[in-house]
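# Report on the structure
Residues per chain, in single letters:
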Amino acid sequence: MRVLCSEAVQDPTKVEATVRAQAAERQKKHLKANAERQLTKEQRSAKKIAKLTEDTSNGVHIAVFRVDNLSNPQHKYKVETNATQFMFTGLMLLSKENNIVIVEGGPKGLRKFKRLMMVRIKWDEDVRNRKNQEDEKKAKNQCKLIWEGTRKTRYFSKFATKL
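As a starting point, this report considers the structure included with it. Computed from a predicted structure; not experimentally measured. (Residues numbered from 1 in each chain as written. Predicted model: local features only at pLDDT ≥ 70, side-chain atom pairs only at ≥ 80, totals over all residues. Heavy atoms only, no water.)

Another point: helix α5 (residues 107-120). Every α-helical turn comprises 3.6 residues, leaving residues that sit three or four positions apart pointing alike. In a regular helix each residue adds 1.5 Å, so 14 residues correspond to 20 Å; α5 covers 18 Å between its end C-alpha atoms and thus fits that length. Taken together, the buried positions of α5 are Gly109, Leu110, Phe113, Leu116 and Met117. Buried residues in α5, looked at end-on, bunch into an arc of 115°, giving them a common side. For α5, the elements touching its buried residues are β1 (60-67), α4 (73-85), β3 (99-105) and β4 (143-151). (Helix = DSSP H or I, 4+ residues; strand = E, 2+ residues; numbered from the N terminus. Expected span 1.5 Å × (residues − 1). Buried < 20%, exposed > 50% of the residue type's maximum accessible area, 1.4 Å probe, protein only. Arc of directions from axis to C-beta. Contact = heavy atoms within 4.5 Å.)

See the structure below:
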């Protein structure tokens, strides 16, 4: 509108309509270009999987955790779901005394999983026994990182739970 200053003085309505038409044309061109660049459903899923799958050609990062009590189904679900979402392979061994979680995968995902296990999950919470918790004093449930290292190849083919 400022560029067409001399014409705007003569016929301001015509200039305003021209400017609006040009802006609409630019918006239409922009939306068309975005639609052309948009990925298909298959390409989006492939991109997401490629992003989550980390390069393990230099070696697979492995971590072994020990959890005193994994009887809370919410905690089991969080561990299993996060391990599969990070494309980890490994094993969750469940027993009465100690529970072992072994995961192997890329360094970035392992760093996030380690934070989940050590910080984000509140191991003292037990959803099923909230009423009993007030009456009884239970032993403190905790998670410890036993070992962390690397290996050239993967030992496990998928993430599994064993009793």
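Take the sheet that holds β3 next. The strand order β4-β1-β3-β2-β5 describes an open sheet built from five strands, whose pairing is mixed. Each edge of the open sheet is held by one strand with a lone partner, namely β4 and β5 (159-162). The mean inter-strand angle of the sheet, taken between neighbouring strand axes irrespective of direction, is 10°. Here α5 sits on the sheet in contact with β1, β3 and β4, set at roughly 10° to β1. (Pairing = 2+ DSSP bridges. Axes fitted to C-alpha atoms, helices over the stretch in contact; angles between N-to-C directions.)

Bringing the pattern of salt bridges into the picture now. For the structure shown, the criterion picks out three salt bridges. Between arginine 20 and glutamate 16 there is a salt bridge, with the nearest N and O atoms lying 2.9 Å from each other. Of the two residues, arginine 20 and glutamate 16 are both situated in helix α2 (residues 12-37); the distance of four residues between them amounts to about one turn of the helix. (Salt bridge = Lys/Arg side-chain N within 4 Å of Asp/Glu carboxyl O.)

Moving on, we come to the environment of valine 79. Among the secondary structure elements, valine 79 is positioned in helix α4. Placed 34 residues apart in sequence, valine 79 and phenylalanine 113 show a C-alpha to C-alpha distance of 8.6 Å. If sequence neighbours within four positions are ignored, valine 79 has contacts with Met92, Val101, Phe113, Met117, Ile121 and Trp123.

This next bit is on the pairing of β1. On a regular strand, one side chain projects to one face of the sheet and the next to the other, so that they alternate. With respect to burial, β1 is a largely interior element, six of its eight residues being buried. Sheet analysis places β1 next to β4, joined by eight bridges and oriented antiparallel. By the bridge assignment for β4, valine 67 is matched with cysteine 143. Here β1 runs beside β3; their pairing, made up of seven bridges, is antiparallel. Paired with histidine 61 across the strands is glycine 105, a residue of β3.

Here the second largest pocket is characterised by a volume of approximately 170 Å³. Lys51, Leu52, Glu54, Phe86, Lys108, Gly109 and Lys112 together form the lining of the second largest pocket. Elements that contribute at least two residues to the lining of the second largest pocket include exactly α3 (41-52) and α5. A total of three residues in the lining of the second largest pocket trace back to one element, the largest contributor, which is α5. Grouping the amino acids of the lining of the second largest pocket by side-chain chemistry returns two nonpolar, one polar and four charged. (1 Å grid on protein atoms, 1.4 Å probe; cavity = no way out; pocket = protein on both sides within 12 Å on 5 of 7 lines; lining within 4 Å. Points joined across faces, edges and corners; volume = space filled by probe spheres on them. Nonpolar A, V, L, I, M, F, W, Y, C, P; charged D, E, K, R; others polar.)

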